[in-house]
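# Per-entry structural report
Read off the chains here:
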Amino acid sequence: MDVVHVSIGSILSIVLQALLLSSSSHGSLEPYDLLYNNAVEAFYRSDYRDVVRHMEGALSSYAEVRQTKVRCRLRCQNQHPFDSASMDLQFFDVVLRRSNCQNECIEETVGTQSMHRVSEDVIQDFHRRIPYNYLQLAYQKLKQLDKAAAAAHTYFQANPESVEMDQNLEQYKALEGTNLDHFVDREARPHQRSFSAGVKLYDKANYEEAISLFEEALQEYYRADVECRALCQGPQRFEEQDHVLYRYSLYQLVSDHFTQVLHCEHECVRDLSTRPGRLSPMENYLPLHYDYLQFAYYQLNMVEEALECAQSYLLFHEGDEFMTENVEYYREAIGHDLKPREKAEWYLRRHRQELELLMIGSENMHVELSEGHYWTSTGGREDSNRIPSGTDGWMEYVPISEKKNFTLAPPQELREGGPLVYDSVQLIQNSQALNGTQRVLLDDVMSVEECAELKNLAHTVTMAGDGYRGKMSPHTPNERFEGATVLKALQYGYEGRVPLKSARLFYDVSERARRIIESYFLLNSTLHFSYTHLVCRTAITGQQDHRNDLSHPIHADNCLLDPEANECWKEPPAYTYRDYSALLYLNGDFEGGEFIFTEMDAKTVTAQVKPKCGRMVGFSSGGENPHGVRAVTRGQRCAVALWFTLDPLFRELERLQADEVVQALDNQSSQSKWDTSLNINPKDEL
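The protein appears in an unreviewed UniProt entry as procollagen-proline 3-dioxygenase from Salmo trutta. Taken from UniProt, the Sequence similarities (unreviewed entry) comment for the protein reads in full: "Belongs to the leprecan family."

Written out as structure tokens, the structure is:
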């Protein structure tokens, strides 16, 4: 065994050295994260030609790196296949040779400078199509309206909740020099684009062209599946481990790596069925191709092709009553049987488990589209003529177990109108006056002196990007965001960097707000802090002309708002455990910045609140209360933002630590300074 370990170590050492000391590359591709950063910097100095040059280069570089990885990984997999009967050393040899092959291939094409690990924030920006937001603004400034329209449309497809982009698109459509051909999705995935176009033609009974697009969509889908799995073959992130300090054996290292690769590949079926900007896949997506095709072929009297597609559909939904009826009809019509398509059989053999997770609730998918002949919901025929079923729709979401569709009708137990706890607090508007459910507007929650003191505190303790993963402008490039938590303020007070009584006021005011919300909405259980944030947003000078974006886009606090579907999906990454929210304003001496409630469409404003000192708006955190903030066009808007939960498991960790600090402070109130043994760790976060 000792000899084996030495051999493995020697092989690993040699290959790793080869990778680290690789030869100079033949290709040269500028890193897309560098180009992206250059484009953003150019945007802030209003150099829109450079924005376009760098951002278009970043998008091109990003696409080239992706395609190069796919080509190289597929080629190296073919050159160095795994032999299931190989011994350990042979297996590790293939792993290392394949890895070396991939790195050499990629480096030869894109160059060493483009092989570094790009930050997760940049990757997420590209996934969310943020570059197109910058591009549409830059093209607009350069009067290239056709390109601005395409960039805006591309961004909006992945960000349908963006009210400002929706407004931009409407403006572009009304301008001379633009037409519908300009509104293209530059990032459209070929398989989804073909399928969507096929559905539209199918609905118009243009079956011949629809068939062509559905067949194209199938080929593109299978190609995209291969590419997705190839992209899973690269380096993996080892959760809670520093890869450099990873101390497990080679066996465990390889095992962990391939476990994560398999998990990534498992997600490909879901990914290919999911539209941009969504987390939930389209229901029954791949089988629907064969369902549409079987009926379209039947309409053109191509019965053999229809039978083949119907049999393919039954691979995914064995025993489906409607399709089984269709298969029997087709068999009788042509006098013999046919097998399903080989590609469908092969794909299902390899990915059955992955597909089964997505094929839920399809038993009632089929309806007859031909006038006078249709199936009942129980499968009985309403007409003696046997006509195959078609299908309707394809935009439904899979009801996965953790998903909860929020209904607009409020539960009966929801109440409001309880005591306001503090004598000075005034009720300004209730839910009825605010045109909604579980909403309240209160004044005089703080005094003018308290507002001024907290605003002064904010100027010292808040930091740009705090609470926003370090991003200074997380919601709009036209404003700067700064924030601080209660625990951070207490730490500053302990260090003498701010008045201790100001830090304590921040703590006390947030507790005051919690008690008011808990009492007013007549909650039967304790309301806990989920997150508390002192936040200011400041208009950036020179970037306020002709703004039509929002300071904070329309959203809901505990679910993912989907205005197009008129739904709010209670699923990650939304903070699904949040139950109530509140905003306590410190000032009103700025322009813009009104808080707004909207309908589920994220467009229809139902109520508007103008911030001022001591004013607080409180509301339940679900899809019944979509809200946002209008652009702050001059000055600085500061507020204490509070989110609450009824579930003690999701209490804010920093708040619990702050409670301990304040308790210790109260216990030592006679002393001029705190005990230095107090444990204040502002980096502990949920």
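Back to the write-up after that little detour.
## Some words on the overall build of the protein
Check the secondary structure of the protein and you find 20 helices and 16 strands. Across the 686 residues in the protein, those meeting the buried criterion constitute 51%. Counted over contacts in the protein with a minimum sequence separation of 6, partners at least 24 positions apart contribute 75%. Accessible area of the protein: about 33,600 Å², with a carbon and sulfur share of 49%.

## Some thoughts on the sheet that holds strand 6 (residues 550–555)
With antiparallel pairing, the four strands of this open sheet are ordered in space as 6-14-11-12. Two strands close off the open sheet at either side, each with one partner strand: strand 6 and strand 12 (605–609). When strand polarity is set aside, the average angle formed by the axes of neighbouring strands in this sheet is 25°. Relative to strand 14 (residues 627–630), strand 6 runs antiparallel, the two sharing three bridges. Considered in strand 14, the bridge of Leu 550 is made with Arg 630.

## Comments concerning the state of the cysteines
Taken as a whole and assessed by the stated rule, the structure comprises seven disulfides. One disulfide bridge connects Cys 72 with Cys 105, the sulfur atoms lying 2.0 Å from each other. A torsion of -70° about the S-S bond marks the disulfide between Cys 72 and Cys 105 as left-handed. Of the two residues, Cys 72 is situated in helix 3 (residues 48–79) and Cys 105 in helix 4 (residues 88–110); the sequence distance between them amounts to 33 residues. For the residue pair Cys 72 and Cys 105, the accessibility class agrees, reading buried in each case. Note that Cys 232 is cross-linked by a disulfide to Cys 264, the S-S spacing being 2.0 Å. Across the S-S bond of Cys 232 and Cys 264 the torsion is about -70°, and the bridge reads as left-handed. Pair noted here: Cys 232 is in the loop between helix 10 (207–231) and helix 11 (250–266) and Cys 264 is in helix 11, with a separation of 32 residues, a long-range link. A residue is classified by how much of its surface remains accessible, and Cys 264, at 29% relative accessible area, is partly exposed.

## Side note on the side chain of Glu 453
Here Glu 453 is to be found in helix 17 (residues 448–461). In this structure Glu 453 touches Lys 501, Ser 502 and Leu 505, once residues within four positions along its chain are discounted.

## Side note on helix 14 (residues 303–316)
Relative to the 20 Å expected for 14 residues at 1.5 Å per residue, helix 14 spans 20 Å between its end C-alpha atoms, a close match to the ideal helical length. The element helix 14 is largely enclosed, with a buried count of 10 among its 14 residues.

## Brief notes about the sheet that holds strand 3 (residues 463–464)
Spatial strand order, 1-2-13-9-16-5-4-3: eight strands in an open sheet with antiparallel pairing. Two strands close off the open sheet at either side, each with one partner strand: strand 1 (426–429) and strand 3. Taken together, the two bridges between strand 3 and strand 4 (residues 479–484) define a ladder with antiparallel strand orientation. In the sheet register, Ala 464 faces strand 4, and the bridge partner there is Glu 482.

## Re the packing of helix 18 (residues 486–494) against helix 20 (residues 653–667)
Interaxial distance between helix 18 and helix 20 falls to 8 Å at its minimum, and their mutual angle equals 35°. Residues Val 486, Leu 487, Lys 488 and Leu 490 of helix 18 pack against Glu 654, Arg 655, Gln 657, Ala 658, Val 661 and Val 662 of helix 20. Split by residue class, the contact of helix 18 with helix 20 holds six nonpolar, one polar and three charged.

## Examining the side chain of Asn 558
Its location among the elements puts Asn 558 in the loop between strand 6 and strand 7 (560–562). By relative accessible area, Asn 558 is classed as buried at 4%. Polar contacts involving the side chain of Asn 558 include one to the main-chain carbonyl oxygen of Arg 578, which spans 2.9 Å. If we ignore the near neighbours within four places in the chain, the residues touching Asn 558 are Lys 570, Ala 574, Tyr 575, Thr 576, Arg 578, Ser 621, Gly 622 and Gly 623.

Here is what the cut-offs are and how they apply
Residues numbered from 1 in each chain as written. Predicted model: local features only at pLDDT ≥ 70, side-chain atom pairs only at ≥ 80, totals over all residues. Heavy atoms only, no water. UniProt positions renumbered as here; feature names shortened; annotations may be inferred. Helix = DSSP H or I, 4+ residues; strand = E, 2+ residues; numbered from the N terminus. Buried < 20%, exposed > 50% of the residue type's maximum accessible area, 1.4 Å probe, protein only. Contact = heavy atoms within 4.5 Å. Areas by Shrake-Rupley, 256 points an atom, 1.4 Å probe, with all protein chains shown as cover. Pairing = 2+ DSSP bridges. Axes fitted to C-alpha atoms, helices over the stretch in contact; angles between N-to-C directions. Disulfide = S-S within 2.5 Å. Expected span 1.5 Å × (residues − 1). Nonpolar A, V, L, I, M, F, W, Y, C, P; charged D, E, K, R; others polar. Polar contact = N/O pair within 3.5 Å; in protein donor to acceptor, adjacent residues only side chain to side chain.

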